[in-house]
Amino acid sequence: LFDGIYPFYLQQRKHFVFDVSTIIVIIVFLTFAATFLLIIPGIRGRARLYWVFRVLLSLVVGVVIVAVQFTGDWESGWVTANTSYKSFSTVMVKADIGLHVGLAGVNVTLVGNPVNQVNETIDYNEHFAWSFDADYDHSYSEGLEKGLPSPILYVAEKFTTESPCNMHRQYRISGHYASATLWVAFCTWLISNMLFSMPVLIYGGYMVLTTGAFMIFSLLSFSTVRNSLICPIQFGTASLLIDYGGSFWLTLVIGLLCFVAGIAIVVLHYFNPDLLKTFFDLHEVRTEDCQEMTEVYINPQFMSNTQ
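Residues numbered from 1 in each chain as written. Predicted model: local features only at pLDDT ≥ 70, side-chain atom pairs only at ≥ 80, totals over all residues. Heavy atoms only, no water.

Engineer: Mind showing me how you'd approach the pairing of strand S1 (residues 75–84) here?
Structural biologist: Side-chain positions along a regular strand alternate between the two faces of the sheet. Residues Glu75, Gly77, Val79, Ala81 and Thr83 line the buried face of S1, whereas the alternating positions Ser76, Trp78, Thr80, Asn82 and Ser84 sit on a face that is not buried. Note that S1 and strand S2 (residues 92–101) share 10 bridges and pair antiparallel. When the sheet's bridge partners are listed, Val79 is paired in S2 with Ile97. For S1 and strand S7 (residues 243–244), the ladder comprises two bridges, and the chain directions are antiparallel. The residue bridging Ser76 from the neighbouring strand is Asp243, located in S7. (Buried < 20%, exposed > 50% of the residue type's maximum accessible area, 1.4 Å probe, protein only. Helix = DSSP H or I, 4+ residues; strand = E, 2+ residues; numbered from the N terminus. Pairing = 2+ DSSP bridges.)

Right, here's the structure in full:
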């Protein structure tokens, strides 16, 4: 203790939307996209546009499915309030307090308004994980030992296993099921790409529909937390309210896009297969395969032997 107050120590910060895993995923898919763009000049005619559209659309779906696993803004909320800054102290500060919920944990943000107050720079962003290989209560205990600001500890305490709010169990289970469902969607996305390359277009369309369905299932799984009572997070008269964030809505948009693409492929397969083959650059190949033989070669020796 320092004059009866816990000292503040620096803690490794984590961005509340992007982290290293998300950046790695984006870089990998951008590398795939750049590699494909290098071979685009080798594709002739209008098929080049079709290839660009199909490949880039497929990469967008894949990168979203993987990236949202690591983002921290499935639910987000901010509030501006006058609150105590340190434990066992009556000093009040005006700050913006944010809560950002992801599939693997929560980020609590505290930014002073203004940033410099009480002779300190108030700019914190702390991550508390609840994934299978992480112990949320241990992370919270470390925050207590390091002397994190009171608003951060107050919000983080709502998600501990010992809290009567029971928010830890609700968000942890729904996040795990949502993450597992998204990984299944990623597998069906891979299978759809393999079916399109074989090519078996109708089954590829079915797998695109399945990918969209599993993405919607992940949203439904995460949304189950809304069916239970959520403890209020109060800072005086101000309440910290959270709502669906960018990752949730992005997953919804891509899931609906998969539904539209899958339905379009199935409809074209039954009502306009030629257009579908042209879009997948298969029409000319099938024509050449089905072309009748124009010349016949006969072995004279074989014919004389048969006679």
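Back to the write-up after that little detour.
Engineer: Looking at this model, I keep getting lost on the nonpolar core. Mind explaining?
Structural biologist: Note that soluble globular proteins tend to have their nonpolar side chains buried in a common cluster. Among the nonpolar cores identified, the biggest contains 70 residues, and Leu99 and Tyr171 are the most heavily contacted of them. The contact partners of Leu99, leaving out residues within four places of it in the chain, are Glu75, Ser76, Gly77, Val106, Asn107, Val108, Val155, Phe159, Ile233, Leu240 and Ile242. (Core = buried A, V, L, I, M, F, W, Y, C linked by side-chain atoms within 4.5 Å. Contact = heavy atoms within 4.5 Å.)

Engineer: How should the sheet that holds S2 be read in this particular structure?
Structural biologist: To summarise the sheet geometry, strands pair through backbone hydrogen bonds and adopt either a parallel or an antiparallel arrangement. Strand order across the open sheet formed by five strands is S4-S3-S2-S1-S7, with antiparallel pairing between neighbours. Looking along the sheet, the strands with just one partner apiece sit at the ends: strand S4 (120–129) and S7. For strand S3 (residues 105–117) and S4, the ladder comprises nine bridges, and the chain directions are antiparallel. In the strand pairing of S4, Asn116 is matched with Thr121.

Engineer: Explain the pattern of salt bridges here, please?
Structural biologist: Once their charged atoms are close, side chains differing in charge can pair, the charge on each being opposite to the other. Under the criterion given, the structure shown has one salt bridge. Note that Lys86 and Glu120 form a salt bridge whose closest N and O atoms lie 2.9 Å from each other. Of this pair, Lys86 sits in the loop between S1 and S2 while Glu120 is found in strand S4, placing the two residues 34 residues apart along the sequence. On the basis of relative accessibility, which here comes to 22%, the residue Lys86 falls in the partly exposed class. Judged by relative accessible area, which is 22%, Glu120 ranks as partly exposed. (Salt bridge = Lys/Arg side-chain N within 4 Å of Asp/Glu carboxyl O.)

Engineer: Even after reading the chapter, I still don't get the state of the cysteines, so can you show me in this structure?
Structural biologist: Note on terminology: a disulfide is the covalent bond linking the sulfur atoms of two cysteines. Taken as a whole and assessed by the stated rule, the structure comprises one disulfide. Note that Cys165 is cross-linked by a disulfide to Cys231, the S-S spacing being 2.1 Å. On the S-S bond that ties Cys165 to Cys231, the torsion sits near -110°, and the link is left-handed. Of this pair, Cys165 sits in the loop between helix H4 (150–157) and helix H5 (167–197) while Cys231 sits in the loop between helix H6 (201–223) and strand S5 (234–235), and the two are 66 residues apart along the sequence. (Disulfide = S-S within 2.5 Å.)

Engineer: Can you help me understand the UniProt feature "transmembrane region" (unreviewed entry) in the chain in this one?
Structural biologist: Per the UniProt record, "transmembrane region" (unreviewed entry) is found at residues 20–39, 51–70, 177–196, 203–222 and 248–271. The span residues 51–70 is 85% helix and 0% strand, and its two end C-alpha atoms sit 29 Å from each other. (UniProt positions renumbered as here; feature names shortened; annotations may be inferred.)

Engineer: Would you explain the packing of helix H1 (residues 20–39) against helix H2 (residues 47–67) in this entry?
Structural biologist: Two measures define how a pair of helices packs: the angle their axes make with one another and the distance between the axes. Packing of H1 against H2 leaves a shortest axis separation of 10 Å and a crossing angle of 170°. The pairing of H1 with H2 is recorded here as roughly antiparallel in orientation. Only Trp51, Val52, Val55, Leu56, Leu59, Gly62, Val63, Val66 and Ala67 of H2 make contact with H1, whose side of the interface consists of Thr22, Val25, Ile26, Phe29, Phe32, Ala33 and Phe36. (Axes fitted to C-alpha atoms, helices over the stretch in contact; angles between N-to-C directions. Parallel < 35°, antiparallel > 145°, perpendicular 65-115°, else oblique.)

Engineer: Is there a simple way to explain the environment of Glu157 in this structure?
Structural biologist: Turning to its location among the elements, Glu157 is positioned in helix H4. A sequence separation of 11 residues divides Glu157 from His168, and the C-alpha atoms of the two residues are 9.6 Å apart. Residues in contact with Glu157, not counting those within four places in the same chain, are Tyr140 and Ser163.

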